Amino acid sequence: MVKRFLVIISIVLASTVMVSAQSADSSTQSTRTRVVAPKPSPTPKTVTKSTDTEAGPATQKRTQASGQVAPSSSVVAAFNNLLDGIRHADVKAATGAYQNTPRLVLFNYNGTVTRGWDQLKQNREASYPEMKDVKLDVKDLRVTMLGRDAALITCQWTQSMTFRGTPETDSGRMTIVFRKVGKDWKAIHLHTSPDHPDPSRIPQSEQTTTPPKSTP
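The numbers attached to residues start from 1 for each chain and follow its sequence in the written order. Only residues with pLDDT of 70 or above have their local features reported here, since the model is predicted, and side-chain atom pairs are shown and tallied only from 80 upward, although totals for entire chains, interfaces and linings are computed over all residues. The side-chain figures draw on all heavy atoms in the structure; neither hydrogens nor water molecules are used.

## Observations concerning the overall build of the protein chain
Only DSSP runs of H or I covering at least 4 residues are called helices, and only runs of E covering at least 2 are called strands; the numbering of each starts at the N terminus. The helix and strand inventory of the protein chain stands at five helices and six strands. Scanning the protein chain from its N terminus toward the C terminus, one meets helices and strands in the order α-α-α-α-β-β-α-β-β-β-β. Here the protein chain holds 216 residues, and the buried ones make up 23% of them. Put simply, of all contacts in the protein chain between residues at least 6 apart along the chain, 50% involve residues at least 24 apart. Surface exposure here means Shrake-Rupley accessible area, sampled with a 1.4 Å probe, where a residue is shielded only by the protein chains that are shown. Carbon together with sulfur atoms contributes 54% to the accessible area of the protein chain, which is approximately 16,400 Å² in total. Between buried and exposed lies partly exposed: a residue is buried under 20% and exposed over 50% of the maximum accessible area for its type, with that area taken using a 1.4 Å probe on protein chains only. Only heavy atoms enter the contact rule, under which two residues are in contact if any of them lie within 4.5 Å.

## Some words on the nonpolar core
Most often, soluble globular proteins have nonpolar side chains that are buried together. As used in this record, nonpolar core signifies buried Ala, Val, Leu, Ile, Met, Phe, Trp, Tyr and Cys residues forming a set joined through side-chain atoms within 4.5 Å. Val-75, Phe-79, Tyr-98, Ile-176 and Phe-178 are the most contacted members of the largest nonpolar core, which totals 31 residues. Broken down by secondary-structure element, the contributors of at least two residues to this core are α3 (71-87), α4 (91-96), α5 (117-127), β3 (131-145), β4 (150-163), β5 (166-181) and β6 (184-194). Per-element tally for this core: the top contributor is α3, with six residues. Excluding anything up to four places from it in sequence, Val-75 contacts Val-143, Met-145, Ala-151, Ile-153, Phe-178 and Trp-185.

Spatial relationships are all this shows, so hold off on functional conclusions.
Structure representation (C-alpha cells):
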C-alpha cells in the first residue's frame, strides 16, 4: 500500500515538473519577439519642367551637356545656310532655306513684295547669275524662340558685290521668321529695309529733325 502511494506521488510530481517546463519554454518563446528595422522609404525625385521660351546661354549649356542641340542653335544653322546660299549666288541653297509654300511672303529691300515660293525661285534665278564676288556680313544677330516650333531672327547686314559688271554696296536691317517643318527649320517670312532710305520718300511725320540751338 505504501509503495503504491509513493508511485502515485512520483507520477504526479513528474507530471507537474513537465508542465512547468513546458510553461517556461512557452513563456520564453513568447517573449522572443523579432525586431525588424523598417526599410527607409525612397525619397521622391523632383521633376522640374522648364518654361523658358527663349534659349539663353544657361539653357544652351545644359542642352549641350546632355548631348542635344539647342533649338536656337538649329535656327542659327538654318539662317547661316541661307547666308551661304546668297554669298555663293546659289539658287538652290538660297531658295531651299525657305518653306516651299504659296503662303510665303517677303517684304523686299526695294519696297516690292514676293508672294509664294515659286515667285521667290523665279526672282533668284533671274538675278543670281548676274551677281559676282558677293560679300555678306551680319552683325547684331538676335534669336528669339517663339515656342518650340517657331523663331524670330533680327540682324543688321552689309552686302557688297558686282552686279552686271557694276560694283555696289548696300546695308540694311532684317527680320526673318523661321518655322520648324518636320525636322528642319525653314524661313516663312522676311522683311528687310535699308539703313539709309531715300529722304525724298520719307514722310514728313517720320523724318528726324535736329532741335534748333538756343541762343544766349
